[in-house]
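Here are the chains, one letter per residue:
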Amino acid sequence: MPLVRLDISHVRNLASVRFEPSSQVNIILGENGSGKTSVLEAIHLLSFGRSFRSHKHKTYIQHEQDSCLVFAQLHNEHGRPTPIGLQRHRDGQIEVRIQGERAQSVIELAERLPVQLINPDAFRLLEGSPSVRRQFIDWGVFHFDVGFIRAWRGWQKALKQRNTLLRRGKISPSLLAAFDQELIRLGEQVNGARKAYVERLTPYFLQVLSVLNAELAVSLQFYQGWDSQKTLQMAVESGRERDIELGYTHTGPQRADLRVKSASGDAVDTLSRGQQKLVVSALKIAQGQLLIEMGRPLVFLVDDLPAELDANHRQKLCRLLESLNSQIFITSVGPDTTDFTWADTTDVRHFSMNNGELSLSSKGFQES
Ligand SMILES: Nc1ncnc2c1ncn2[C@@H]1O[C@H](COP(=O)(O)OP(=O)(O)O)[C@@H](O)[C@H]1O
Ligand SMILES: [Mg+2]
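Treat the numbers as computed from the prediction; the structure is a model and nothing was measured. (Residues numbered from 1 in each chain as written. Chains lettered and ligands numbered in written order. Predicted model: local features only at pLDDT ≥ 70, side-chain atom pairs only at ≥ 80, totals over all residues. Heavy atoms only, no water.)

(A) How the structure looks around the environment of Ser-272. Examined against the element boundaries, Ser-272 turns out to sit in the loop between α9 (267–270) and α10 (273–293). For the pair Ser-272 and Phe-71, spaced 201 residues apart in sequence, the C-alpha to C-alpha distance is 38 Å. (Helix = DSSP H or I, 4+ residues; strand = E, 2+ residues; numbered from the N terminus.)

In structure tokens form, the structure reads like this:
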């Protein structure tokens, strides 16, 4: 599903950027602040409906503009073009269009344009709170298991209602038990799907990581959010009195986590930033591989490739991405950091970014 055309209007310093990317490798070079990350941010917006740099939409809409617009032409698996677009207004309103029709939700974009981002913030997946890793798992499950989103939404709704009841207080365990049936049924579904997904993902992750760095010994452990010896029913039942005391649901899939361990402890405490970046890249590439095997190509965004990576690891990462045969957008400040040989059969396009203007350039050439 490569992007065959991209139109970006009023995203940060990009007043109007239009280009036809390669369906394989795209390299964008330019000075700091020229707008490279903003191009990736625009593609990310078109997939997730949100930026990876800020939760505040006003920050990425160009100053003094009322809205920003990202439009793309996708090639679907049958080679047919599919136009998709997203407009975000300063007042918060969001409009999504797919083939000219207004879409109900940004989720429809994610289905059509799965995007994986590898950037200098990658380590946050290891360092951040469990919710970041739950989001990572759930993104994968969402693409992997068509029933997941429905179960997830139902479970979230049941959980919110239960927490509202608990917060208000004065609820007896027996009354609460009546509310819990749906929570348990859907919660088990969500948990089962996550567990199956992590099991499936793990060998891919280990394989990719061994290619990126054979010495790194890292394992993945899925924590479901409660004692693994118990069913959710058992955990919810035995936790009811405590939930009433606390005023919220303290156990269940909302506490799930993906624990990334190295031989001597949590990966985040023992690995260097560069090694953390490799681990996170391996996680994201593994997710991508699983999708590709399901016949669902995706787009990889690699922002600031040289950050934390030496030449050897940069090359390994790029080789690996190239071998997946998906569409890649790589940004970097200097040509020397992306100057390695791609396969003759790989279509590599070089672009240079100057003050928000993108132009196609010959290999390695960068305007000053
Ligand atoms: N809302 C905005 N409107 C206009 N310009 C912006 C806005 N937000 C950031 N900028 C500017 O846009 C540029 C964004 O650069 P960025 O994409 O981060 O560059 P690079 O990744 O090439 O270093 C910066 O020069 C920044 O000052
Ligand atoms: Mg940048």
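(B) Just the site of ligand 1, in detail. Near ligand 1 there are 15 residues, and of these Gly-33, Lys-36, Thr-37, Ser-38 and Arg-53 occur at the shortest range. At a separation of 2.5 Å, an oxygen atom of ligand 1 approaches a polar side-chain atom of Ser-38. Measuring from a nitrogen atom of ligand 1, one finds a backbone N or O atom of Ile-61 at 3.0 Å. Look at ligand 1: alone it shows 580 Å² of surface, and the protein chains cover 73% of it. No other element matches the 3 residues that helix α1 (residues 36–48) contributes to the shell around ligand 1. Taken together, the residues that form the shell around ligand 1 break down as 1 nonpolar, 10 polar and 4 charged. (Near = heavy atom within 4 Å. Polar contact = N/O pair within 3.5 Å; in protein donor to acceptor, adjacent residues only side chain to side chain. Areas by Shrake-Rupley, 256 points an atom, 1.4 Å probe, with all protein chains shown as cover. Nonpolar A, V, L, I, M, F, W, Y, C, P; charged D, E, K, R; others polar.)

(C) The packing of helix α5 (residues 130–144) against helix α6 (residues 148–168), seen in detail. Interaxial distance between α5 and α6 falls to 8 Å at its minimum, and their mutual angle equals 130 degrees. Looking at the two axes, α5 sits oblique to α6. Facing α5, whose interface residues are Asp-138, Val-141 and Phe-142, α6 presents Phe-148, Ile-149 and Trp-152. Of the residues in the contact of α5 with α6, the class split is 5 nonpolar, no polar and 1 charged. (Axes fitted to C-alpha atoms, helices over the stretch in contact; angles between N-to-C directions. Parallel < 35°, antiparallel > 145°, perpendicular 65-115°, else oblique. Contact = heavy atoms within 4.5 Å.)

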